[in-house]
Amino acid sequence: MIKKIKCVLLATLIPLALVGCGKKENKEVNIYMWGGSKEINTFMDDVVTPKVKEKDDITLKRVPIVDIKDIVNKLIIEKQAGKKDGVIDVLWLNGENFKALKDANVLEENILAKVSNKSLLKESTTVKDFGEDINGLEVPFGEAQFNFIYNTKKGGVPFINWETLTTYVKENPGRFTYPNASNFTGSAFVRNIAIDMLGYENIQNMSPAELKTQLDIVWNYLNEIEPYLWRKGETYPESEGKLDLLYSTDEVDVTMGYTVNKVNSKIDSGDYPNTSESFLLEKGTLFNNHYLAIPNNSKNKENALKVINALISPEIQILKQEPKNWGDFTVLDINKLNTEDKKAFEELNKSGKIPTLEELEAKRVLELSPEKVRIIEEGWTEKVGKN
């Protein structure tokens with residue numbers, strides 16, 4: 001009451017904007033995310049946004065990104081220009097993009113310590129991102145493991161390694177392809193092949209110069225199978241979504257991606273035939289976590305933290321793992337959850353369409369360092385993509 005009277009008296013002398021009377025807090029939070037998945041977009045817009053509004057009275061606005069490197073450059077330029085009122089409040093990222101932003105000192109520090117649901121996270125998710133120390137600069141949002149999807153109606157698993165892939169494409173010309181390696185799914189496929197051919201530990205122990213030399217084996221192989229690919233390898237799908245479309249229209253026999261539950265999601269939506277299943281390579285496939293960070297020039301850091309805390313809550317993590325929504329695996333340690341939430345996750349993990357949790361865990365291959373990812377991507381563009 002006293003504050004109200006004070007504001008009324010001051011208002012006769014000073015504009016309200018100067019004294020802060022009646023000033024309304026900005027409760028809009030902009031989350032910048034890759035926008036190439038209709039399932040993820042729908043989940044964020046139709047499920048998460050209403051939940052955040054209901055719980056914290058925050059209006060969450062999803063801003064779709066085509067190429068996250070543009071956002072990385074934008075934040076670095078804003079830092080150099082001293083811009084303090086950025087429009088990006090939460091950013092979805094990982095890997096080389098995290099390292100670039102970390103090196104440029106544009107991320108808010110110690111955000112992991114400021115979210116109460118951190119106590120429910122798997123400890124392994126908070127340490128390194130593609131081999132880079134996280135140091136509290138980002139909060140894990142989901143787990144991903146590269147997997148392939150095929151139609152069981154057409155026979156058994158098409159291939160289990162690079163040798164059997166060679167046999168498959170030559171016996172089924174035009175029925176296999178992979179996205180351009182400038183796309184993150186295409187890049188992951190090429191990295192998986194490189195690891196399968198050269199060995200993970202060997203690549204880890206190579207210097208950049210040694211890796212560039214040894215990768216010639218991989219480029220020769222990919223060029224060898226290129227004439228047997230879709231459209232004779234003269235072009236590659238520009239994205240995972242384009243490859244999914246080729247699979248759903250039966251132009252190719254195999255699609256791929258990082259979301260383990262994608263096969264269930266796409267069957268539920270009617271995009272894939274219900275005889276589709278996912279499989280892994282014999283020696284394993286790449287595994288990583290994806291994260292949420294806050295730029296240090298965000299105007300809404302407090303509310304951004306509330307959004308991140310909500311996104312890693314058991315309620316939203318359960319909804320996120322449901323195949324009809326996103327199908328993304330949780331970063332929560334289910335043994336730290338109450339009985340009801342633990343049971344919900346256990347039920348979601350029962351699917352005959354995806355590898356068992358035991359197989360997934362046994363075949364996890366950690367991501368390479370951002371520097372080695374870059375060497376592989378640039379090498380593919382130069383030695384395969386341009387041919």
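See the structure printed just above.
Computed from a predicted structure; not experimentally measured. Here the residue index of a chain counts from 1 through its sequence in written order. At least 70 in pLDDT is required for a residue's local features to be given in this predicted model, at least 80 for side-chain atom pairs to be given and counted, and no such filter applies to totals for whole chains, interfaces and linings, which use all residues. Hydrogens and waters are ignored; side-chain quantities use all the structure's heavy atoms.

(A) Just the environment of Leu 215, in detail. Only runs of H or I of at least four residues qualify as helices and only runs of E of at least two qualify as strands under DSSP, and these elements are numbered from the N terminus. You can see Leu 215 is positioned in helix H9 (residues 208-225). Exposure remark for Leu 215: the relative accessible area of 1% places this residue in the buried category. Leu 215 sits 143 residues away from Glu 358 along the chain, and the two C-alpha atoms are 31 Å apart. Residue contacts are counted whenever heavy atoms from the two residues lie within 4.5 Å of one another. Those residues within four positions of Leu 215 in sequence are excluded, and the remaining contacts are Ala 194, Leu 198, Ile 375 and Ile 376. Accessibility here uses a 1.4 Å probe with only protein chains present; expressed as a share of the type maximum, an area under 20% marks a residue as buried, one over 50% as exposed, and anything in between as partly exposed.

(B) Representation of the packing of aromatic side chains within the structure. We call Phe, Tyr and Trp rings a pair once their centres come within 6.5 Å, taking the six-membered ring for Trp, and we label the pair stacked below 30 degrees between planes, edge-to-face above 60, and tilted otherwise. Scanning the model with the defined rule gives 20 aromatic pairs in all. Here Phe 148 and Phe 159 contribute two aromatic rings whose centre-to-centre distance is 5.3 Å and whose plane-to-plane angle is 80°, an arrangement assigned as edge-to-face. In this pair, Phe 148 is assigned in strand S7 (residues 147-151) and Phe 159 in the loop between S7 and helix H6 (162-171), connecting sequence segments 11 residues apart. Overall, Phe 148 belongs to the buried group, its relative accessible area being 1%. The class for Phe 159 is buried, based on a relative accessible area of 3%. By the ring-pair criterion, three or more aromatic residues cluster together here, those being Phe 146, Phe 148, Tyr 150, Phe 159, Tyr 168, Phe 176, Tyr 178, Phe 189, Tyr 236, Tyr 258, Phe 279 and Trp 380. Geometrically, a lysine NZ or arginine CZ counts as sitting over a ring once it is within 6 Å of the ring centre and also within 35 degrees of the ring normal. The aromatic ring of Phe 141 is capped on one face by Lys 320, whose charged end is 4.8 Å from the ring centroid.

(C) Looking closely at the side chain of Thr 177. Along the chain, Thr 177 falls in the loop between H6 and helix H7 (184-198). Classification of Thr 177 by relative accessible area gives buried; the value is 0%. For Thr 177, the contacting residues outside a window of four places in its chain are Leu 229, Trp 230, Tyr 236, Pro 237, Leu 243, Leu 246, Val 252 and Met 256.

(D) Unusual backbone geometry, seen in detail. One non-glycine residue, Asn 105, lies in the positive phi region at around 55°. Structurally, Asn 105 can be placed in the loop between helix H5 (95-103) and strand S4 (128-129). Look at Asn 110: it is not a glycine, yet its phi comes out positive at around 55°. Mapped onto the secondary structure, Asn 110 falls in the loop between H5 and S4. According to the relative accessible area criterion, Asn 110 is partly exposed, its value standing at 43%.

(E) Focus on the pattern of salt bridges. The salt bridge definition used is simple: a Lys or Arg side-chain nitrogen within 4 Å of an Asp or Glu carboxyl oxygen. This model, assessed by the stated rule, comprises 31 salt bridges. Residue Asp 56 is joined to Lys 55 by a salt bridge in which the shortest nitrogen-to-oxygen separation is 3.6 Å. The class of Asp 56 is buried, set by a relative accessible area of 15%.

(F) Local environment of H5. Listing the buried residues of H5 in full gives Gly 95, Asn 97, Phe 98, Leu 101 and Lys 102. Seen from one end, H5 has its buried residues packed into an arc of 160°, which puts them on one side. Summarising the contacts, the buried residues of H5 are in contact with helix H4 (68-81), strand S3 (90-93), S4, strand S5 (132-133) and helix H16 (370-385). A positive backbone phi angle near 55° is found at Asn 105, which sits one or two residues after H5. The directions considered for the arc run from the helix axis to the C-beta atoms.

(G) Examining the nonpolar core more closely. If you look at the biggest cluster of nonpolar residues, it comprises 58 residues, and the most contacted ones within it are Phe 176, Tyr 178, Phe 189 and Leu 222. The element that contributes the greatest number of residues to this core is H7, accounting for 8 residues. The contact partners of Phe 176, leaving out residues within four places of it in the chain, are Phe 159, Leu 165, Val 169, Phe 189, Leu 229, Trp 230, Val 252, Val 254 and Met 256. As used here, the term nonpolar core means buried Ala, Val, Leu, Ile, Met, Phe, Trp, Tyr and Cys residues forming a set that is joined through side-chain atoms within 4.5 Å. The next biggest cluster of nonpolar side chains, apart from the first, holds 38 residues, and it includes Phe 43, Ile 58, Leu 292 and Phe 345.

(H) Quick peek at the packing of H6 against H9. Where H6 meets H9, the closest approach of the two axes is 10 Å, and the angle between their N-to-C directions is 20°. When the interaxial angle is binned, H6 and H9 end up roughly parallel. Where H6 crosses over H9, the two elements pack in a sense that is left-handed. In this structure, H6 uses Trp 162, Leu 165, Thr 166, Val 169 and Lys 170 to contact H9, whose residues at the interface are Tyr 221, Glu 224 and Ile 225. As a working rule, the residues Ala, Val, Leu, Ile, Met, Phe, Trp, Tyr, Cys and Pro are called nonpolar, Asp, Glu, Lys and Arg charged, and the rest polar, with Gly in that last group. By residue class, the composition of the contact of H6 with H9 is 5 nonpolar, 1 polar and 2 charged. Convention adopted: a line fitted to C-alpha atoms gives each axis, helices being fitted over their contacting stretch, and angles between N-to-C directions are expressed from 0 to 180 degrees. For classification purposes, an angle smaller than 35 degrees is called roughly parallel, one larger than 145 roughly antiparallel, one from 65 to 115 roughly perpendicular, and anything else oblique. If you view the pair so one helix is near and one far, a crossing is left-handed when the near helix is turned anticlockwise from the far one by less than a right angle, and right-handed when it is turned clockwise.

(I) Broad picture of the packing of H7 against H16. Two numbers describe how H7 lies on H16: the axes approach to 10 Å, and their chain directions differ by 100°. Taken together, the axes of H7 and H16 are roughly perpendicular relative to one another. Across the interface between the two elements, Ser 187, Val 190 and Arg 191 of H7 pack against Val 373, Ile 376, Glu 377 and Trp 380 of H16.

(J) Structural detail: the sheet that holds strand S8 (residues 254-257). In this scheme, strands are said to pair when DSSP sees at least two bridges between them. Spatially, 3 strands are ordered S8-S7-S9 in an open sheet, and the strand pairing comes out antiparallel. In this open sheet, the two strands that pair with only one neighbour each are S8 and strand S9 (276-279). The mean inter-strand angle of the sheet, taken between neighbouring strand axes irrespective of direction, is 30°. Two strands pair when backbone bridges link them, and S7 and S8 are joined in this way by 4 bridges, in the antiparallel orientation. Looking at the pairing, Tyr 150 lines up with Val 254 of S8. Across the sheet, helix H10 (residues 240-248) is in contact with S7, S8 and S9; its angle to S8 comes to roughly 150°. On the sheet, helix H11 (residues 262-269) packs against S7, S8 and S9 and is oriented at approximately 170° with respect to S9.

On their own, these measurements won't tell you what the molecule is for.
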